[in-house]
Structure formats: structure tokens, C-alpha cells
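Each chain, letter by letter, is given below.
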Amino acid sequence: MFTPMIGMPQGAEWLIILAIVILVFGAAKLPELARGTGQALRIFKSETKGLRDEDETDKGEKGEKSEKPAELTASEQERITELERREAEIKAERERLSGN
């Protein structure tokens, strides 16, 4: 059986690696590096979960487009109503101006 010459680091080897990392980056930079790594992992996990969810919805639809309209919040509905009112005012103004 073939045993690799380089294996996974064991107890004391991790301490040496940690010491080298501290020397290279400095103790002040380590929390920032850890925070950045954690944030990158969170983003990666959320993106892969989003891709899996998209695949599941695509499989569920089986080629059919059956999208349900999204529910509107009260503020969105008020905004739509306001825009429709303004559109009606503009249309009435256009008709008034074209009649002159």
C-alpha cells in the first residue's frame, strides 16, 4: 500500500503553521482575515442554496410557465394608484391641449 510522504498536519505542526501566519500577516490582521473568510463562505453558501432552489423550481414546473403574480404591499399598491392617477391627469391635459 502506498503511503503519502506528506500527510495532514498534526498537533505541533498546526502551532508552527499558526506562528508563521501570525508572522506573515501580523496579529492585528488575523481577525480581519477571519471575518473576510467567513463572509466569503456565507456568500458562497447562499449562492449555492439559491442555485439549488432555482433547479428545484425548474424541475417542479417541467417546462411550464406558471408564475403567480407577487402579492403587492400596501405601499406598492398606493404607489400604483398614484401613478395611474397621474397618468389620467396627463392624458386629460394632452386632450385639452390638442383640442385648442
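Keep in mind the model is a prediction, meaning the values are calculated, not measured.

(A) Layout of the overall build of the chain. Assigned secondary structure in the chain consists of three helices and zero strands. The linear arrangement of helices and strands in the chain, starting from the amino end, is α-α-α.

(B) Fine view of the pattern of salt bridges. Inspection of the entire model under this criterion finds five salt bridges. With its nearest N and O atoms 3.1 Å apart, the salt bridge here joins Arg-86 to Glu-82. Taken together, the residues span about one helical turn, with Arg-86 and Glu-82 both in helix α3 (residues 74-99) at a distance of four residues. Across the salt bridge formed by Arg-85 and Glu-89, the nearest N and O atoms sit 2.3 Å from each other. Here Glu-89 and Arg-85 lie together in helix α3, a separation of four residues that amounts to about one turn. Taking the relative accessible area as the measure of exposure, Arg-85 reaches 40% and is therefore partly exposed.

(C) Inspection of helix α1 (residues 11-25) at higher detail. End to end, α1 covers 22 Å across 15 residues, agreeing with the expected 21 Å (1.5 Å per residue, within 8%). Count one or two residues on from α1 and you reach Gly-26, which has phi positive near 85°.

(D) Quick look at the confidence of the model for the chain. Across the chain, pLDDT averages 81, with 84% of residues at or above 70. When pLDDT is averaged over each helix and strand of the chain, the minimum, 84, is found for helix α2 (residues 30-61) and the maximum, 88, for α3.

(E) Structural view of a nonpolar patch on the surface. A cluster of nonpolar side chains, contributed by Ile-16, Ile-20, Val-24, Phe-25 and Leu-33, occupies part of the molecular surface with about 480 Å² of accessible area. Ranked by residues supplied to the nonpolar patch, first place goes to α1 with four residues. Within the fold, Leu-33 resides in helix α2.

(F) Inspection of a negative patch on the surface at higher detail. A surface patch of negative charge is lined by Glu-54, Asp-55, Glu-56 and Asp-58. Inspection of the secondary structure puts Asp-58 in helix α2.

Parameters at a glance
Residues numbered from 1 in each chain as written. Predicted model: local features only at pLDDT ≥ 70, side-chain atom pairs only at ≥ 80, totals over all residues. Heavy atoms only, no water. Helix = DSSP H or I, 4+ residues; strand = E, 2+ residues; numbered from the N terminus. Salt bridge = Lys/Arg side-chain N within 4 Å of Asp/Glu carboxyl O. Buried < 20%, exposed > 50% of the residue type's maximum accessible area, 1.4 Å probe, protein only. Expected span 1.5 Å × (residues − 1). pLDDT = per-residue confidence, 0-100. Patch = residues over 30% accessible without salt bridge, like charges linked within 9 Å, V, L, I, M, F, W, Y side chains within 5 Å. Areas by Shrake-Rupley, 256 points an atom, 1.4 Å probe, with all protein chains shown as cover. Lys, Arg positive; Asp, Glu negative; His and termini not counted. Charge placed at Lys NZ, Arg CZ, Asp CG, Glu CD.

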